[in-house]
Each structure stands twice: as structure tokens, then as C-alpha cells.
Amino acid sequence: MRLASLACAVVLAACSLQTTPSNSVNPSPGSSGGSSASESASATAEPSPSDSGRLTLPAPNETDSTTPISYTVTVEVAADASGQLTIVVTNLGQQIVPELVLRWPTEVRDTVFLAPFQPSAQRIREGGDPLVQDWTKWVEGPGEHGEPAGTTSLGWGPLLVGGTLTIPVLATRVAPGPITFDLQILNGEAVLLSDGVPAWTQVTVP
């Protein structure tokens, strides 16, 4: 895990956040259609830009076909500014998701740095009050639990049966210009299904 290095990086990269709703997200999956709980393509290859310039993710090794979900992704980032992504996930199945995981290409950080919190005096001062955080892991792959190289995984579990998680991800602008990248929603290392297809979408930050 590289949690410590990520936390340091976000402190250095953070700037004043200006949140302006733009609602720019392409919800179409970035991979093939739904599949049963069987192995897919190997997830050992690192992400790379597609022909369209989109930053892509490798296919997960597993698919969770027993726990359907619904989800939305809202982008509240103005052009050349900072802001926030909000991912809302609802468990439509009959089994708990022990750890809900969001995954995106680590290279996204060259344009916008995505983080589960905003640096503050409370987080960096010594002897401050105990911190309460909803996220359970923040890993730059390769990780100890199979997180692929070239990816960043944010754990935010568990997701109870019938429950809904609202996950805010701060987007701190590092370089000007738009970016489009893959986002996966997983149960651990198994991609979840929404309407029978992998929860694997494309996100555009203007």
C-alpha cells in the first residue's frame, strides 16, 4: 500500500476548490456487456490511453453476478477548476458488499488529483482530535490485495443489503484541459453488475 505517499501528494496538490455543477458523465460501460461469475481478461496489464485519448482500466479478474447494484456519477467540476465527483451506489441484491471499491487509472492525477478528503489543519496538526473517516482504503497499485498496477482503488464499505452509499471524491485541478477516464465499481476485486452489465463507466471532467 502507498496510503502515506498518497496522503502527502494530496497535501501538495491541493488548492482552493471551486465547485460548479456541470453534470458531465458518460454512463455507458467502458467494456463488454454483462457476464456470469467467471474469469475475464487478466488484470495484470497497466492502464493506457485508448485511441480516443480516454484513460482505460484493465478488465477485472472476477465478476460479482450475485449482487446487482444501481449507481450514478455526478461531476461538479468547471473547466480548468477544481470540484467534486459524487458517486451514489445502491445495493439491489440480497447479500452485503463487504467492501465497495471505486477504481480509476492513477494517471488521472496528472490532470485532476482525486482524493477522499480535503487536507485541513485538523488532519495535519499533531495532537488533534481523533479523525473519523468513511473510506477504508486508498491504494495505488500494485497492492497487497490484487489491486492492479497503474490504478488507484478507493474502498468505501460495507454496502448493506438495500443500502445506499454516497461517496464524495474531491477533484483538485493539477493541469488545465479536459480528461476522460474509466471508473469501475467493485466488490473487493470483483466488478459489480448494474442492469446486467459491468459497473464500468466513463467519466469526463471538463
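Residues numbered from 1 in each chain as written. Predicted model: local features only at pLDDT ≥ 70, side-chain atom pairs only at ≥ 80, totals over all residues. Heavy atoms only, no water.

Caption draft 1: Spotlight on the packing of aromatic side chains. Enumeration over the complete set of coordinates arrives at one aromatic pair. Here Phe113 and Trp138 contribute two aromatic rings whose centre-to-centre distance is 6.3 Å and whose plane-to-plane angle is 75°, an arrangement assigned as edge-to-face. Here Phe113 is found in strand β5 (residues 112-115), whereas its partner Trp138 is found in strand β6 (residues 137-140), with 25 residues between them in sequence. Trp138 carries the same exposure label as Phe113, and that label is buried. (Phe/Tyr/Trp six-rings, centres within 6.5 Å; stacked < 30°, edge-to-face > 60°. Helix = DSSP H or I, 4+ residues; strand = E, 2+ residues; numbered from the N terminus. Buried < 20%, exposed > 50% of the residue type's maximum accessible area, 1.4 Å probe, protein only.)

Caption draft 2: Fine view of the pairing of strand β8 (residues 164-173). Across the ten residues of β8, seven count as buried, placing the element largely inside the fold. Two strands pair when backbone bridges link them, and strand β3 (residues 83-91) and β8 are joined in this way by eight bridges, in the antiparallel orientation. Its bridge partner lying in β8, Gln84 is registered against Leu170. Where β5 meets β8, four bridges bridge the pair, whose relative direction is antiparallel. Considered in β8, the bridge of Val112 is made with Arg173. (Pairing = 2+ DSSP bridges.)

Caption draft 3: Fine view of the environment of Trp104. Along the polypeptide, Trp104 turns up in strand β4 (residues 100-105). Along the backbone, Trp104 and Gly150 are 46 residues apart, and their C-alpha atoms lie at a distance of 8.9 Å. Apart from residues no more than four positions distant in its own chain, Trp104 is found in contact with Leu57, Leu114, Thr151, Thr152, Leu154, Phe181, Asp182 and Leu183. (Contact = heavy atoms within 4.5 Å.)

Caption draft 4: Representation of the pattern of salt bridges in the model. Counted according to the given criterion, the structure contains four salt bridges. A salt bridge links Glu189 to Arg103; the shortest N-O distance between them is 2.6 Å. Separated by 86 residues along the polypeptide, Glu189 in the loop between β9 (179-187) and β10 (190-194) and Arg103 in strand β4 bring together distant segments of the chain. Like Glu189, the residue Arg103 is buried in the burial classification. (Salt bridge = Lys/Arg side-chain N within 4 Å of Asp/Glu carboxyl O.)

Caption draft 5: Up close: the nonpolar core. One finds Leu85, Ile87, Phe181 and Ile185 to be the most contacted residues of the largest nonpolar core, which totals 36 residues. Those elements that provide at least two residues to this core are β2 (62-77), β3, β4, β5, β8, β9 and β12 (200-205). Of the residues forming this core, the biggest block, five residues, is contributed by β2. Setting aside anything within four residues of it in sequence, one finds Ile87 in contact with Thr72, Val73, Leu102, Leu165, Thr166, Ile167, Val169, Leu183 and Ile185. (Core = buried A, V, L, I, M, F, W, Y, C linked by side-chain atoms within 4.5 Å.)

Caption draft 6: Structural detail: the confidence of the model for the chain. Averaged over the chain, the pLDDT score is 79; the fraction of residues at 70 or greater is 67%. Scored below 50 in pLDDT, residues 1-44 shows 106 contacts in the model against residues more than four places distant or in partner chains. (pLDDT = per-residue confidence, 0-100.)

Caption draft 7: Region of the structure containing empty space enclosed by the protein. Using the criterion set out here, one finds two cavities of 30 Å³ or more in the structure. Each pocket or cavity is described by its volume, and for the largest cavity that value is around 80 Å³. If you go around the largest cavity, you meet eleven residues; those closest to its centre are Trp104, Arg109, Phe113, Leu114 and Thr152. Mapped by element, the contributors of at least two residues to the lining of the largest cavity are β4 and β5. It is β5 that contributes the most residues to the lining of the largest cavity, three residues altogether. Of the residues belonging to the lining of the largest cavity, the class tally is eight nonpolar, two polar and one charged. (1 Å grid on protein atoms, 1.4 Å probe; cavity = no way out; pocket = protein on both sides within 12 Å on 5 of 7 lines; lining within 4 Å. Points joined across faces, edges and corners; volume = space filled by probe spheres on them. Nonpolar A, V, L, I, M, F, W, Y, C, P; charged D, E, K, R; others polar.)

Caption draft 8: Inspection of a nonpolar patch on the surface at higher detail. A contiguous nonpolar patch, built from Ile96, Leu160 and Val161 and spanning about 260 Å² of accessible area, is present on the exposed surface. Mapped onto the elements of the fold, Leu160 is located in the loop between β7 (151-155) and β8. When its relative accessible area of 52% is taken as the criterion, Leu160 is described as exposed. (Patch = residues over 30% accessible without salt bridge, like charges linked within 9 Å, V, L, I, M, F, W, Y side chains within 5 Å. Areas by Shrake-Rupley, 256 points an atom, 1.4 Å probe, with all protein chains shown as cover.)

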